[in-house]
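# Notes for the structure review
Residue-level listing of the chains:
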Amino acid sequence: MIAIIDYGAGNIFSVKNALDYLGLENQLTDDIALIEKADKIFLPGVGAFPSAMKMLESKNLISVLKEQAQKKPFLGICLGMQMLLSKSYEFEECDGLDLIPGTVDKIPASDLIIPHMGWNKLEIQNDCPLLKNLPEEAYVYFVHSYMATCADEKNLSAWVEYGGKVPALITDHKYVFGAQFHPEKSGDVGLQILKNFADL
Amino acid sequence: MLAKRIIPCLDVRDGKVVKGVNFEGIREVGDPVACAEEYNRQGADEIVFYDITASHEGRGVMLDVVRETAKKVFVPLTVGGGIKTVDDIRETLRAGADKVSVNSQAVQNPQLIRDGADIFGSQCICVGIDAKKTSAGNWTVYINGGRIDMHLDLLDWVKQIEQLGAGEICLNSIDTDGVKQGFDLPMLKAVVDAVNIPVIASGGAGKLEHFAEAFQKTDCSAALAASLFHFKELTVNEVKTDCRNKNIIVRT
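As a convention, each chain's residues are numbered from 1 in the sequence order in which they are written. For this description, chains carry letters from A and ligands carry numbers from 1, given in the order in which they are written. Only residues with pLDDT of at least 70 get local features here, since the model is predicted, and only at 80 or more are side-chain atom pairs given and counted; chain-wide, interface and lining totals rely on the full set of residues. Hydrogens and water molecules were not included; the side-chain quantities draw on all heavy atoms of the structure.

Contacts between the two partners involve 29 residues from chain A and, on the opposite side, 33 residues from chain B. Summed over both partners, the accessible area (1.4 Å probe) lost when two parts come together is defined as the buried area. Both sides of the chain A and chain B interface together cover about 2,500 Å² of buried area, and 59% of this is carbon and sulfur. Broken down residue by residue, the surface that chain A buries against chain B is led by Met117, Trp119 and Lys185 of chain A, which jointly contribute 28%. Here a salt bridge means any side-chain nitrogen of Lys or Arg lying within 4 Å of a carboxyl oxygen belonging to Asp or Glu. At the surface where chain A touches chain B, the tally comes to one salt bridge. Residues lysine 185 of chain A and aspartate 98 of chain B are paired through a salt bridge, measuring 2.9 Å at the closest nitrogen-oxygen approach. When residues of the side of chain A that touches chain B are traced back to their parent elements, those giving at least two are helix H1 (12-21), strand E8 (116-121), strand E10 (139-144) and helix H6 (187-198) of chain A. Numbering goes from the N terminus for both helices and strands, where a helix is a DSSP run of H or I of at least four residues and a strand is a run of E of at least two. Per-element accounting of the side of chain A that touches chain B gives the leading share, six residues, to E8 of chain A. In this classification, Asp, Glu, Lys and Arg are treated as charged, Ala, Val, Leu, Ile, Met, Phe, Trp, Tyr, Cys and Pro as nonpolar, and every other residue, Gly included, as polar. Here the side of chain A that touches chain B is composed, by residue class, of 15 nonpolar, eight polar and six charged. In this analysis, two residues are considered to be in contact whenever any of their non-hydrogen atoms come within 4.5 Å of each other.

See the structure below:
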């Protein structure tokens, strides 16, 4: 069973719809016992970093998520990916789950249209099991105004070009994965990535 | 590189897909869930449901249609028409929409944009605009399906929208909508140059090359069409192939 962490933020139903469509057993939950029992964990998220971290904290989920991320496949999506990092500077300095070293900052705007919204092509940096069986040109759907920076490039599996390298998929090379894009909104490519995660 | 998006729009009334020419002469063409699935197969980058009668007849959005579509179609869904309050936005997003498009209500109550962006994030607030050229040469914003001229300058309005926190603009030209002679490029260019958020071109596509033309002559992020796709004059895939042949980046 995949536990989809329901902490009051984001469009968690899309993630659930996609997993249901793939026939993967899943449950929306904020129940610690259930999260501990799950085979895999999904951390979705749309919205602002500080308020999302506060919501996790108010549900006492921070320590259980950090602990479970050492034991079973764990995928953070969009803001859920950004929360895997050490720190964010969205509105205010705020600690993340610190599962992958790095920070979150505003996309350097200059002449870019913000948010980075739409389909962008994955450029593979490091081999990753989530990127198996994808077409040569794999486009995925993004919508975000803040971006991750990994302290160590070895944690970066794939990036996209948007005024520079924007991290798209990161991993600790053990259990933790983070996707800046929305696999649940990325058509067949996204469904394949979700399937790859379920197959871990 | 970020791909240019091709977006089919399903104008919906009473749970059925319709398409009007200049908003008049509506005729029905089918089931919205089936249409959305077909567009997904054709490679649509996003799908818009627009409740065409909602803003002047007070109809709510068709949440059941959205719910059913969101179970089968895994590309972004936008829902517009009849969204008046923060609760309407919440309900629509919970039904499975990724974005809402607010139009008349945003003109009458700009605070709706700010509240929506603050609570749900800019990324899910798209502001739809119907605008028309004046005899003075500028453009003004209309509400209620293009019926009422608000005498609000288009470029002032789009800057205000951006400041209020909208994540995207869907710009429909009343002058070119349904005429099939191409998008309103001067209006589109003026809006794209005035703001720093994505702009979707809407109204006027009649031929394959109109899409590539919009991307070549303006920096719009996406192009939307309804009847052209409904009546199978073109498929989304044909449009994308034409764009690709002209070196415009589109999703494969």
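The next point concerns the sheet that holds strand E6 (residues 94-95) of chain A. Residue and element names in this part refer to chain A. Two strands make a pair as long as DSSP finds a minimum of two bridges between them. Read across the sheet, four strands follow the order E6-E5-E7-E11 without closing on themselves; strand pairing throughout is mixed. At either end of the open sheet lies a strand with only one pairing partner, and these are E6 and strand E11 (146-150). Examined bridge by bridge, strand E5 (residues 85-88) and E6 share two bridges and lie antiparallel to one another. If you follow lysine 87 over to E6, its bridge partner there is aspartate 95.

Residue and element names in this part refer to chain A. In spatial order, the strands read E2-E1-E3-E4-E14-E13-E12-E9; together these eight strands make up an open sheet with mixed pairing. Of all the strands in the sheet, the pair left with one neighbour each is strand E2 (26-29) and strand E9 (123-124). Direction of pairing for strand E12 (residues 156-161) relative to strand E13 (residues 165-171): antiparallel, over a ladder of five bridges. Its bridge partner being in E13, leucine 156 is matched across the sheet by isoleucine 170. With respect to the sheet, H1 is in contact with strand E1 (2-5), E2, strand E3 (40-43) and strand E4 (74-77), its orientation differing from that of E2 by roughly 165°. Here an angle of 0 to 180 degrees is reported between the N-to-C directions of two axes, which are lines fitted to C-alpha atoms, with helices fitted over the stretch in contact.

Take unusual backbone geometry next. Residue and element names in this part refer to chain A. Between isoleucine 114 and proline 115 the backbone carries a cis peptide bond, its omega angle lying at 5°. In this structure, proline 115 sits in the loop between strand E7 (100-106) and E8. With phi around 55°, cysteine 78 is a residue other than glycine that occupies positive phi space. With respect to the helices, strands and loops of the structure, cysteine 78 is situated in the loop between E4 and helix H5 (79-82). Residue phenylalanine 91 is not a glycine yet carries a positive backbone phi of 65°. Relative to the assigned elements, phenylalanine 91 resides in the loop between E5 and E6. On the basis of relative accessibility, which here comes to 67%, the residue phenylalanine 91 falls in the exposed class. Exposure classes here rest on a 1.4 Å probe applied to the protein chains alone. A residue is buried below 20% of its type maximum, exposed above 50%, and partly exposed in between.

These values are about where atoms sit, not about what they do.
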